[in-house]
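# Commentary on secondary and tertiary structure
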Amino acid sequence: MSDGREITEAFQAERSTGEPSNMGFSYEMKLLVFMCAFLQISGQNPLRHWTLLPNVLVVEVNGTLGQQPITCLELPEDVETRGNHIQDIFWKKNGMVEAQRGNLYLVPLVESLGGGNYTCHSRDGSLLNHTEVLIQLVETKRKRILVKDKQEDYLKCSTQNYNGEFHCSWTWHSSRVGKAAFIKVQRLTYIASVSDDHDSQCSADPGRRHWTCSSAQSNFSCSVDDSGSGVSCLDRQHCPYAEERQQIHVTVFVRTDDFLLESYSKLFYLAEIVKPDKVKIGKVNKTVVEWSYPSSWNTPYSYFPLTFQISQLRGRCRKCESPCTDLKPSKAWTVHSTDICQFKVKHKVRAVCVRAKDALCDSQWSEWTHVRLKRGGKNRKRKHRFSL
């Protein structure tokens, strides 16, 4: 019996000439034998392939040489019914005509290369089908598209309250800016488990900017930011007054212009990423300041209490954009309140800073809010001169 190389050569000769070879096999049998021989020769690369979206094929590779077959039409008979022959089909990669002909195309895989937009055409140039091939490198821990933040995370997620909305952002590598290829969000049935991963069904609009993911546990709608560096999501089934028993699992697939694909995930409860908006603060008089809860925070405040931190600053900092971070406070106070708060300012204090966090969990502090105070220094100077 012929070895794999002879079968491959005979099959490729038939595809290029359109004439039957003398191997004595039917078309389907030759295709099956060829694929088996191909897998033995290629050393199991690609490792796996799967469909990300309609007409979007993800090919997992290990960096070695290999080939991934793609087909133009599912049934070769479809070609004949359209008045064409299999050998008349020609292929384009990213708009450039390729040498291969026929219903089957072998995508060459070299390291992380091989991805692209593949189209097949009939003899008169009419488009028959198209496949976008994305390459995903496996068996490597090194990420190439996104970079970590200061907390060593690729995805940074936060929410302003417990209404079920949250936002996740990421930072592109300086040399590999790309775009979001797929967004998947779901509630897990139990902690740190992805056993119900196949239960969630996600779809997107034609521009892949708006996504919906539905499962038995949740119903998410997401929108990619205009900058392409983040996504905002809403869990439409979330109830802020109920205990959050299921974690949110976010997976973002990003791709480059070179058709390289990587996935990044984050698992969290809303209580772990909540960060209140800035506190509203104002002056009652020269010695008293007043602040209130952020308007975006959940009510009633007795059920969603905040803890406030107050800092008093005595130094001058006219050109400081944020005196709360640019100057060192003399002391910080912590206040627990479910209503509007008032605070008596000490003598010679020039600014007061206030921030807030959820009083019931160890979450993030809000950004500082400050108010500057005028102590009437010029009046004291005039009085001093008059006394002289």
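Read on for an overview of the structure.

Conventions used here
Residues numbered from 1 in each chain as written. Predicted model: local features only at pLDDT ≥ 70, side-chain atom pairs only at ≥ 80, totals over all residues. Heavy atoms only, no water. Helix = DSSP H or I, 4+ residues; strand = E, 2+ residues; numbered from the N terminus. Buried < 20%, exposed > 50% of the residue type's maximum accessible area, 1.4 Å probe, protein only. Contact = heavy atoms within 4.5 Å. Areas by Shrake-Rupley, 256 points an atom, 1.4 Å probe, with all protein chains shown as cover. Disulfide = S-S within 2.5 Å. Polar contact = N/O pair within 3.5 Å; in protein donor to acceptor, adjacent residues only side chain to side chain. Pairing = 2+ DSSP bridges. Axes fitted to C-alpha atoms, helices over the stretch in contact; angles between N-to-C directions. Salt bridge = Lys/Arg side-chain N within 4 Å of Asp/Glu carboxyl O.

### Observations regarding the overall build of the protein chain
Secondary structure summary: the protein chain contains six helices and 26 strands in total. Across the 388 residues of the protein chain, 43% fall into the buried class. Taking contacts inside the protein chain between residues at least 6 apart in sequence as the whole, the part at least 24 apart equals 60%. Surface accessibility of the protein chain: about 21900 Å² in total, with carbon and sulfur atoms responsible for 50%.

### What to know about the state of the cysteines
Under the criterion given, the structure shown has four disulfides. Here C157 is linked by a disulfide to C168, with a sulfur-sulfur distance of 2.0 Å. What sets the handedness of the C157 and C168 disulfide is the S-S torsion sign, and at about 110° it is right-handed. You can see C157 sitting in strand 10 (residues 156–158) and its partner C168 sitting in strand 11 (residues 165–169), a full eleven residues away along the chain.

### Quick word on the environment of D205
Secondary-structure assignment places D205 in the loop between strand 14 (201–204) and strand 15 (210–214). Residue D205 is classed as partly exposed on the basis of its relative accessible area of 26%. A distance of 2.9 Å separates a polar side-chain atom of D205 from the backbone nitrogen of R209.

### Here's the deal with the pairing of strand 1 (residues 48–53)
The two faces of a sheet get side chains in turn, since along a regular strand they alternate between them. Strand direction decides the pairing type here: strand 1 and strand 2 (residues 56–61), joined by five bridges, are antiparallel. Residue L53 lies in a different strand from strand 2, and its bridge partner there is V56. Hairpin connection of strand 1 to strand 2: two residues between the antiparallel strands, including N55 at a positive phi of 65°.

### Here we look at the sheet that holds strand 24 (residues 341–344)
As a general point, the strands of a sheet are linked pairwise by backbone hydrogen bonds and lie either parallel or antiparallel. In space, the three strands of this open sheet follow the order 20-21-24, with antiparallel pairing throughout. Edge positions in the sheet fall to strand 20 (280–283) and strand 24, since each has one partner strand and no second. Ignoring strand direction, the axes of neighbouring strands in this sheet form an average angle of 25°.

### Some words on the sheet that holds strand 13 (residues 178–187)
If you walk across this open sheet you meet the three strands as 13-18-19, and the pairing is antiparallel. Unpaired on one side and paired on the other, strand 13 and strand 19 (261–268) mark the two borders of the sheet. Between one strand axis and the next, the sheet turns through 15° on average, direction left out of account.

### A closer look at the pattern of salt bridges
Overall, the coordinates contain twelve salt bridges when judged by the stated rule. As a salt-bridge pair, E152 and K148 come within 3.7 Å of each other at their nearest N and O atoms. K148 gets classed as partly exposed once you look at its relative accessible area, which sits at 42%. K357 is paired through a salt bridge with D362; the nearest N and O atoms lie 3.5 Å apart. A relative accessible area of 14% places K357 in the buried class. Of the residues examined, D362 reaches a relative accessible area of 72% and is grouped as exposed. Bridged by salt links that share partners, the residues E132, R208 and R255 form one connected network.

### Structural notes on the pairing of strand 13
Burial analysis of strand 13 places eight of its ten residues in the buried class, the great majority of the element. Sheet analysis places strand 13 next to strand 18 (residues 248–256), joined by nine bridges and oriented antiparallel. Counted as the bridge partner of K184 is T251 from strand 18.

### A look at the side chain of K266
When you line up the elements, K266 lands in strand 19. Of note is the side chain of K266, whose polar atom sits 3.3 Å from the side chain of D153. With residues near it in sequence (within four places) discarded, K266 still touches D153, L155, C157, I248, H249 and V250.

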